[in-house]
2 protein chains.
Amino acid sequence: MARVGLTAERLTQAGAELADEVGFDQVTVSALARRFDVKVASLYSHVRNSQDLRTRIALLALAELADRAADALAGRSGKDALTALANVYRDYAREHPGRYAAAQLRLDPQTAAASAGVRHAQMTRALLRGYDLTEPDQTHAVRLLGSVFHGYVSLELGGGFSHSAPDTDVTWIRVLDALDTLLRNWPPPPTEPQG
Amino acid sequence: MARVGLTAERLTQAGAELADEVGFDQVTVSALARRFDVKVASLYSHVRNSQDLRTRIALLALAELADRAADALAGRSGKDALTALANVYRDYAREHPGRYAAAQLRLDPQTAAASAGVRHAQMTRALLRGYDLTEPDQTHAVRLLGSVFHGYVSLELGGGFSHSAPDTDVTWIRVLDALDTLLRNWPPPPTEPQG
DNA sequence: GGATTTGCCTAAAGCTATTAGGCAGATGCA
DNA sequence: TGCATCTGCCTAATAGCTTTAGGCAAATCC
C-alpha cells in the first residue's frame with residue numbers, strides 16, 4: 001500500500017487546519033485519518049493518542065502566536081507596541097479560531113513551562129517597560145492585559161458582542177486607548193484597607 | 001421496573017453538578033444515566049439529545065449567575081457595585097467551574113436572546129450608571145468590563161496565573177481599583193484619526 | 001378496575017478511541 | 001543487485017458514547 005508519509009508534524013499541521021475549519025473540539029483522530037485517506041490506527045504510530053494530538057496543536061498555536069507577537073513588537077514601544085500586540089492576538093483568533101481555541105488548552109505544568117506560553121508573558125512584560133510600572137504592579141498589569149486581550153477576543157469570537165450597535169472595531173480601539181491611559185496613570189495601592 | 005422520576009429539570013441539575021465535578025466537556029448522556037442508575041436510552045424521553053442537555057445546563061448557569069449578580073448589585077453603586085458584580089463572576093467560576101464553562105457555550109441567536117444572558121448586559125449597564133458615561137462610551141465600557149471579568153476568571157481558572165509570585169487575590173483587587181479609576185476618567189475619543 | 005398514558009427498558013446501528021499483530025514497501029549493507 | 005531488517009500502514013477486535021425504534025409495565029384517569 002502506498003505510504004503517505006505521515007509524521008507527527010504533518011499531523012499536527014493538518015490538525016490545526018482542521019481545527020480552524022470545524023472547531024478545535026471537533027478535531028478527532030478519525031477525522032484526521034480521513035483527511036489523509038488513511039486508516040485510523042495508522043495515526044497511532046506518530047501520535048500517542050487523541051490528547052497528545054491536541055496538545056501538539058496547542059503548542060503549535062502558542063508558538064505561531066508568539067512568533068507573530070515578537071515580529072509585531074520589534075521596534076515598537078509604548079502605545080504603538082500595546083496596539084500591535086493586542087492586534088496580533090485578535091487577528092490570529094479571527095484568522096485561526098480553531099488554533100486560538102487550541103492555545104487555551106490546559107497544559108500540564110511541565111508542558112506549559114516548555115511551551116511558547118512563557119514567551120507570551122515575557123513579551124507582555126517587555127511591552128510594559130514602556131510604561132512606568134515597578135513590581136508588583138507590573139505583574140498586575142501583565143495579568144490585566146492578558147485578561148482583556150483574551151476576554152475580548154473570546155467574547156467577540158463567541159458572538160457575545162454581535163447583537164449590539166457600535167462596531168466592535170471601534171470598541172477595540174477605544175479599549176486600547178483606555179488601557180494605554182490606565183497604564184500611564186496606574187493607580188497606587190490603597191493605603192488603607194477598607195472595612 | 002421502578003420509576004426514578006426523571007425530568008428535564010432534574011437531568012439539567014444533575015448535569016450541572018456533574019459538570020462541576022468532571023468538567024463541562026465530560027458531561028455525557030451516558031455518565032448522567034449512570035448517575036441515575038438508569039439506561040442511557042431513558043434520558044432521551046426528557047432531553048432531545050446531547051446538545052440539548054448541554055444547552056439546558058448553559059441556560060441554568062446563566063440564570064444562576066444572573067440571579068447572584070442581581071442580588072449583589074441590589075443597593076450598591078459605584079465602585080462598591082463594580083466589586084460586587086466582579087466577585088459574583090469570579091466566585092461562581094471558582095465554586096462551579098463546570099457551570100461557568102457551560103455559561104460560555106455558544107448559543108444560537110434565538111436561544112441566546114431568550115436566555116439570562118441579556119440580564120447580564122443590562123446589569124453591567126446599570127452598574128455603569130454610577131459612572132459618568134454616555135453612549136457609545138457606555139457600550140465600550142460594558143464590553144471592556146465583560147472582557148476583563150471573563151478573561152481574568154478564565155485565565156485564573158485555567159491556571160494561567162498560577163506560577164507567578166503575587167497572589168491572584170491581590171491582583172484582582174488592584175485590577176478592580178484600576179477599572180474603577182479608568183471608568184471615572186474615561187478617555188475621550190481621539191479627535192484626530194492616526195495615519 | 002379497566003383503558004390509556006407515560007416512563008424506563010431492550011435491541012441495534014453508527015461513530016470515535018485505542019491496542020495487538022501482520023504484511024509489504026523502504027532502507028541498509030554487502 | 002540482492003538479502004535482511006526496519007518501518008509504515010493495514011486488518012481485526014474491544015470498548016465507550018449517541019441516537020432511534022419498538023416493547024412492557026407502572027402510574028393515572030375515569
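Residues numbered from 1 in each chain as written. Chains lettered and ligands numbered in written order. Predicted model: local features only at pLDDT ≥ 70, side-chain atom pairs only at ≥ 80, totals over all residues. Heavy atoms only, no water.

The name that an unreviewed UniProt entry assigns to chain A is Transcriptional regulator, with the source organism given as Streptomyces lomondensis.

1. Brief notes about the overall build of chain A
When its secondary structure is counted, chain A shows nine helices and zero strands. Scanning chain A from its N terminus toward the C terminus, one meets helices and strands in the order α-α-α-α-α-α-α-α-α. For the C-alpha atoms alone, the extent of chain A along its principal axes is close to 70 × 45 × 40 Å. (Helix = DSSP H or I, 4+ residues; strand = E, 2+ residues; numbered from the N terminus.)

2. Here's the deal with the side chain of A:D52
With respect to the secondary-structure elements, A:D52 resides in helix α3 (residues 50–73). There is a polar contact of 2.8 Å between the side chain of A:D52 and the backbone nitrogen of A:R48. (Polar contact = N/O pair within 3.5 Å; in protein donor to acceptor, adjacent residues only side chain to side chain.)

3. A few points about the nonpolar core
Counting 127 residues, the largest nonpolar core has A:F149 and B:F149 as the members making the most contacts within it. Setting aside anything within four residues of it in sequence, one finds B:F149 in contact with B:L82, B:L85, B:A86, B:Y89, B:W172, B:L176 and B:L179. (Core = buried A, V, L, I, M, F, W, Y, C linked by side-chain atoms within 4.5 Å. Buried < 20%, exposed > 50% of the residue type's maximum accessible area, 1.4 Å probe, protein only. Contact = heavy atoms within 4.5 Å.)

4. Observations regarding the UniProt feature "domain: HTH tetR-type" (unreviewed entry) in chain A
Within this numbering scheme, the UniProt entry marks residues 5–65 of chain A as carrying the feature "domain: HTH tetR-type" (unreviewed entry). As annotated, residues 5–65 of chain A has a helix share of 62% and a strand share of 0%, and its two end C-alpha atoms lie 27 Å apart. (UniProt positions renumbered as here; feature names shortened; annotations may be inferred.)

5. Examining unusual backbone geometry
Residue and element names in this part refer to chain A. E135 connects to P136 through a cis peptide bond whose omega is 0 degrees. Looking at where P136 falls in the secondary structure, it is placed in the loop between α7 (117–128) and α8 (137–157). A positive phi angle, close to 55 degrees, is found at D37, a residue other than glycine. Looking at the element boundaries, D37 is found in the loop between α2 (29–35) and α3. Here D37 falls in the exposed class, since its relative accessible area comes to 71%.

6. Looking at the protein's contact with DNA strand D
Around DNA strand D sit 21 residues, and of these A:S42, B:R3, B:T28, B:R34 and B:S50 come closest. Each atom of DNA strand D within 4 Å of the protein was assigned to sugar, phosphate or base; sugar and phosphate come to 63%. Within the contact set of DNA strand D, a phosphate oxygen lies 3.1 Å away from a backbone nitrogen or oxygen of A:V4. Side-chain polar atom of B:R34 to a phosphate oxygen of DNA strand D: 2.8 Å apart, as the coordinates give it. The leading source of residues in the surface near DNA strand D is helix α2 (residues 29–36) of chain B, at three residues. Taken together, the residues of the surface near DNA strand D break down into nine nonpolar, eight polar and four charged. (Near = heavy atom within 4 Å. Nonpolar A, V, L, I, M, F, W, Y, C, P; charged D, E, K, R; others polar.)

7. A closer look at the protein's contact with DNA strand C
Residues in close proximity to DNA strand C total 21 residues, the closest being A:T28, A:R34, A:S50, B:K39 and B:S42. Of everything in DNA strand C that lies within 4 Å of the protein, sugar and phosphate atoms constitute 65%. Contact distances for DNA strand C include 2.7 Å between a phosphate oxygen and a side-chain N or O atom of A:R34. B:G5 places a main-chain nitrogen or oxygen 2.8 Å from a phosphate oxygen of DNA strand C. The element that contributes the greatest number of residues to the surface near DNA strand C is α2(A), accounting for three residues.

8. Details of the environment of B:D167
All names here are of chain B. Position of D167 relative to the elements: it lies in the loop between α8 (137–157) and α9 (168–184). Judged by its relative accessible area of 44%, D167 falls in the partly exposed class. Along the primary structure D167 and W186 are separated by 19 residues, whereas in three dimensions their C-alpha atoms are 28 Å apart.

9. Focus: the packing of α3(A) against α7(A)
In a packed pair of helices, the relevant descriptors are the angle between the two axes and the axis-to-axis distance. All names here are of chain A. Taken N-terminus to C-terminus, the directions of α3 and α7 make an angle of 25 degrees; their axes are 9 Å apart at the nearest point. The orientation of α3 with respect to α7, classified from their angle, is roughly parallel. Crossing handedness for the pair α3 and α7: left-handed. Packed against α3, whose contacting residues are L62, A63, L65, A66, D67, A69, A70 and L73, the element α7 presents G117, R119, H120 and M123 at the interface. (Axes fitted to C-alpha atoms, helices over the stretch in contact; angles between N-to-C directions. Parallel < 35°, antiparallel > 145°, perpendicular 65-115°, else oblique. Left-handed = near helix turned anticlockwise from the far one by under 90°.)

10. Some words on the packing of aromatic side chains
Each aromatic ring pair is specified by the distance between its two centres and by the angle formed by the two planes. Residue and element names in this part refer to chain A. The tally for this structure, following the rule as stated, stands at six aromatic pairs over all chains. Members of the aromatic cluster, joined through ring pairs, are Y152, F161 and W172. The lysine or arginine in question, R54, covers the ring of F24, its NZ or CZ lying 5.7 Å from the ring centre. (Phe/Tyr/Trp six-rings, centres within 6.5 Å; stacked < 30°, edge-to-face > 60°. Lys NZ or Arg CZ within 6 Å of the ring centre and 35° of its normal.)

11. Overview of the side chain of A:D137
With respect to the helices and strands, the residue A:D137 is situated in helix α8. A:D137 has contacts with A:W186 and B:R174, leaving out every residue within four places of it along the chain.

12. Details of the interface of chain A and chain B
Each partner contributes to the interface: chain A provides 37 residues, whereas chain B provides 37 residues. When the buried surface of chain A facing chain B is broken down by residue, A:H140, A:R143 and A:R174 rank first, second and third, together holding 24% of it. The tally of links from chain A across to chain B stands at two salt bridges. Two residues, A:D137 and B:R174, come together in a salt bridge whose shortest N-O distance is 2.9 Å. Between chain A and chain B we count 20 residue pairs in polar contact (both at pLDDT 80 or more) in total. Counting residues per element, the ones that place at least two in the side of chain A that touches chain B are α8 and α9 (168–184) of chain A. By residue number, the principal contributor to the side of chain A that touches chain B is α8(A), which donates 14 residues. (Buried area = accessible area lost by both parts, 1.4 Å probe. Salt bridge = Lys/Arg side-chain N within 4 Å of Asp/Glu carboxyl O.)

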